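Residue-level structural notes
Chain by chain, the residues:
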Amino acid sequence: MSANNIIKSISEEVKDKLYDSLEVCAYCKTPFKECDTIIPGKGIVVGEVDVVKYKNLFWHHGCIADYKKDKHL
């Protein structure tokens, strides 16, 4: 598996900067904001900015699962 295909956590500082910027998710093209997020296999993350690094871009964690599902249909 390529290093680009690994989901990487990012620091709270980077999350805060993305929250305040015009940066959008690489998959769904919507901004990063505080929300409750359901992460398959992990559960619910309450009230945090849902963003990780995947394929050297910033994504909503849930969008990675949607991307993988769409890719394999």
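For the structure, see preceding data.
We now turn to the structure provided with this report. The structure presented is a predicted model; accordingly, all values stated were derived computationally and were not measured.

So, about the overall build of the protein. Within the protein, the regular secondary structure consists of two helices and four strands. Starting at the N terminus, the α and β elements of the protein follow one another as α-β-β-β-β-α. Per-residue burial over the protein gives 25% buried out of 73 residues. Summarising the internal contacts of the protein: among those between residues at least 6 apart in sequence, 48% fall at separations of at least 24. For the protein, the computed accessible surface area is about 5,100 Å², with 55% contributed by carbon and sulfur atoms.

What counts as what
- What you see as residue numbers is a count from 1 along each chain, following the sequence as written.
- Given that this is a predicted model, residues contribute local features only at a pLDDT of at least 70 and side-chain atom pairs are listed and counted only at 80 or more, while totals for whole chains, interfaces and linings are drawn from all residues.
- Each side-chain value is worked out from all heavy atoms of the structure, with water and hydrogens disregarded.
- A run of H or I in DSSP counts as a helix once it spans at least four residues, and a run of E counts as a strand once it spans at least two, with each numbered from the N terminus.
- Only protein chains enter the accessibility calculation, which uses a 1.4 Å probe. A residue is then buried if its area is under 20% of the maximum for its type, exposed if over 50%, and partly exposed in between.
- Contacts were defined at the residue level, with two residues in contact if any of their heavy atoms lie within 4.5 Å.
- Calculation of accessible area relied on Shrake-Rupley with a 1.4 Å probe; when residues are assessed, cover is drawn exclusively from the protein chains displayed.

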